[in-house]
Amino acid sequence: MSTTLGTLEDLPLDYRAALGRLSLAPLWPMMRNVLPHGAPQPVSRAHLWRFEAVRPLLLEAGDLTPVEKAERRVLVLTDPGRGEGAMQATSVIYVGLQLLKPGETAPAHRHTPSAARIIVEGEGAYTVVDGEKCPMHRGDLVLTPGGAWHDHGHSGTEPVIWLDALDLPLFVYLEGSYAEEAPLQAPRNRPDASEAEYLSAGLVPARRPWVSKPNRYPMLRYPWSRTEAALSRLGAFAAPGEAVELDYVNPETGESCLPTLGFTAMMLRPGETLTPPLRSSSAVFHVVSGRGESVVNGERFAWGPADTFSAPVFSAVTHRAEGGEPAFLIRIHDRPLQERLGYFEERPRP
């Protein structure tokens, strides 16, 4: 196998000019840029966004820009590897912090990318998704799948902040990203599915013979109170050093709750250190509660409640919980997309 390939400068100027006139380019000088040997060479860089630093700027945005002028009042968490203004936290994952003030509404729209929200602080806000009203409590995961109408409202007394995660970069790359708007929805007069049909793990509504296939998105809200309780119970029986993790899935099929993005709830027991394998998927970690430290490709991040940090593909990551309490995090990742494309991979740490 050739290790040294020809360069563009090896070619005569008149030949390069002829290629340019026909909108052609030789592959071999660019081959290693797009097909490096052994592993990808990510542009993304690991980064930590401290909530205590972002929060004042987000609240100030609420004073500077009314929601009517913003549609969605969001500060985007920008990957430093891509430069200022990049609407990516990793190659496929867009993440932003959104603010809704008391009495405000964010208009109904739907878009081709899929989205999910992790509630960071505040009470009284809700999201209506295709007519289903989902209350928003700290740590809850609320889905707004691609093509689903959704709007937000706030009947509480204090600002509400949540973390948005979308596969937006994928749709932008595919030139398939767009949105449509509509009037606010009239919510159905009933609890959301997490409080009715899917209240208990392992139980789903009885099958009806005329239903040919399960609903793609039967459950839109995953309450944090139940997730934390399940992690704590699992952690009580897990062996030392064994990862205490639970995936958010479609309760009807067991598949990831969104087609391209995965969400995994994690618990680090007090003083515990975890060293996961190298993964081909990128990740964004959001801290629901607790304190600790993570090392990503040699860069050390000390984190606390509501902080968010990223890890590019094949990152060497080590997590450690600090203090006498467990730490709870949610990992957002693109493993479902990679599995659908047939190339997700884990490698042992060297």
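Residues numbered from 1 in each chain as written. Predicted model: local features only at pLDDT ≥ 70, side-chain atom pairs only at ≥ 80, totals over all residues. Heavy atoms only, no water.

## What about the side chain of Glu252?
Here is step 1 of the chain: Within the secondary structure layout, Glu252 lies in the loop between strand E13 (244–247) and strand E14 (262–268).
Here is step 2 of the chain: In terms of polar contacts, Glu252 uses its side chain to reach the side chain of Tyr198, at 2.5 Å.
Here is step 3 of the chain: Not counting residues within four places of it along the chain, the set of residues in contact with Glu252 comprises Tyr198, Val204, Pro205, Arg207, Pro214 and Pro218. (Helix = DSSP H or I, 4+ residues; strand = E, 2+ residues; numbered from the N terminus. Polar contact = N/O pair within 3.5 Å; in protein donor to acceptor, adjacent residues only side chain to side chain. Contact = heavy atoms within 4.5 Å.)

## With respect to the side chain of Ser114
Here is step 1 of the chain: With respect to the element layout, Ser114 can be found in the loop between strand E4 (105–111) and strand E5 (115–121).
Here is step 2 of the chain: In this structure the side chain of Ser114 is engaged in a polar contact, spanning 3.0 Å, whose partner is the backbone nitrogen of Gly146.
Here is step 3 of the chain: If we ignore the near neighbours within four places in the chain, the residues touching Ser114 are Thr144, Pro145, Gly146, Ala165, Leu166, Asp167, Leu258 and Pro259.

## Here we look at the sheet that holds E4
Here is step 1 of the chain: Taken together, the five strands give an open sheet; going across it, the order is E7-E6-E9-E4-E11, and neighbouring strands pair in antiparallel fashion. Of all strands in the sheet, those bounded by a partner on one side alone are strand E7 (132–135) and strand E11 (179–182). Between one strand axis and the next, the sheet turns through 25° on average, direction left out of account.
Here is step 2 of the chain: By the bridge criterion, three bridges tie E4 to strand E9 (residues 150–154) in an arrangement that is antiparallel. Each residue of the ladder has a partner; that of Ala106, found in E9, is His152. (Pairing = 2+ DSSP bridges. Axes fitted to C-alpha atoms, helices over the stretch in contact; angles between N-to-C directions.)

## Quick word on a nonpolar patch on the surface
Here is step 1 of the chain: A cluster of nonpolar side chains, namely Tyr15, Leu27, Trp28, Val34 and Leu35, defines an oily patch on the protein surface of about 520 Å² accessible area.
Here is step 2 of the chain: Residue position: Val34 is located in helix H2 (residues 31–34). (Patch = residues over 30% accessible without salt bridge, like charges linked within 9 Å, V, L, I, M, F, W, Y side chains within 5 Å. Areas by Shrake-Rupley, 256 points an atom, 1.4 Å probe, with all protein chains shown as cover. Salt bridge = Lys/Arg side-chain N within 4 Å of Asp/Glu carboxyl O.)

## With respect to the sheet that holds strand E15 (residues 273–274)
Here is step 1 of the chain: Strand order in this open sheet of four strands is E15-E21-E18-E19, and the pairing throughout is antiparallel. Each end of this open sheet is capped by a strand with a single partner; those strands are E15 and strand E19 (299–303).
Here is step 2 of the chain: Here E15 runs beside strand E21 (residues 317–322); their pairing, made up of two bridges, is antiparallel. Bridge pairing links Thr273 to Arg320 in E21.

## Comments concerning the pattern of salt bridges
Here is step 1 of the chain: For the structure on display, the rule yields 19 salt bridges.
Here is step 2 of the chain: Note that Arg55 is salt-bridged to Glu121, the shortest N-O span being 3.0 Å. Here the residue Arg55 occupies a position in helix H3 (residues 51–64), and Glu121 occupies one in strand E5, the gap between them amounting to 66 residues.
Here is step 3 of the chain: A relative accessible area of 30% means that Arg55 is categorised as partly exposed.
Here is step 4 of the chain: Arg221 is the salt-bridge partner of Asp140, the closest N and O atoms lying 2.9 Å from each other. Here Asp140, found in the loop between E7 and strand E8 (141–144), pairs with Arg221, found in strand E12 (residues 221–222); they are 81 residues apart in sequence, far enough to count as distant. Residue Asp140 shares its accessibility class with Arg221, and that shared class is buried. (Buried < 20%, exposed > 50% of the residue type's maximum accessible area, 1.4 Å probe, protein only.)

## Topic: H3
Here is step 1 of the chain: For H3, built from 14 residues, the straight-helix expectation of 20 Å at 1.5 Å per residue is met to within 8% by its first-to-last C-alpha distance of 19 Å.
Here is step 2 of the chain: Buried residues belonging to H3 abut strand E1 (48–49), strand E2 (74–76), strand E3 (94–100), E5 and strand E10 (160–166). (Expected span 1.5 Å × (residues − 1).)

## Some details on the nonpolar core
Here is step 1 of the chain: Counting 45 residues, the largest nonpolar core has Leu97, Leu141, Tyr248 and Phe263 as its most contacted members.
Here is step 2 of the chain: In this structure, Leu97 is in contact with Phe51, Val54, Leu58, Arg73, Val74, Leu75, Leu77, Val120, Ile161, Trp162 and Leu163, ignoring residues within four places of it in sequence.
Here is step 3 of the chain: One finds Ala46, Leu48, Phe301 and Phe309 within the second-largest nonpolar core, a separate group that totals 17 residues. (Core = buried A, V, L, I, M, F, W, Y, C linked by side-chain atoms within 4.5 Å.)

## Considerations on the layout of surface pockets
Here is step 1 of the chain: Of the pockets and cavities examined, the largest pocket occupies roughly 960 Å³.
Here is step 2 of the chain: Taken together, 33 residues form the lining of the largest pocket, with Pro40, Arg82, Ser91, Val92 and Tyr343 sitting closest to its centre.
Here is step 3 of the chain: Sorting the residues of the lining of the largest pocket by element identifies H2, helix H5 (168–173) and helix H7 (335–341) as the ones contributing at least two each.
Here is step 4 of the chain: Ranked by the residues each element gives to the lining of the largest pocket, the list is headed by H5, at five residues. (1 Å grid on protein atoms, 1.4 Å probe; cavity = no way out; pocket = protein on both sides within 12 Å on 5 of 7 lines; lining within 4 Å. Points joined across faces, edges and corners; volume = space filled by probe spheres on them.)

## As for the pairing of strand E6 (residues 125–129)
Here is step 1 of the chain: Counting buried residues along E6, four of its five residues qualify, which places the element largely inside the surrounding structure.
Here is step 2 of the chain: With five bridges joining them, E6 and E9 adopt antiparallel strand pairing. Bridged to Val128 within E9 is Asp151.
Here is step 3 of the chain: Alignment of E6 against E7, held across four bridges, turns out to be antiparallel. Looking at E7, one finds that Val128 is bridged to Lys133.

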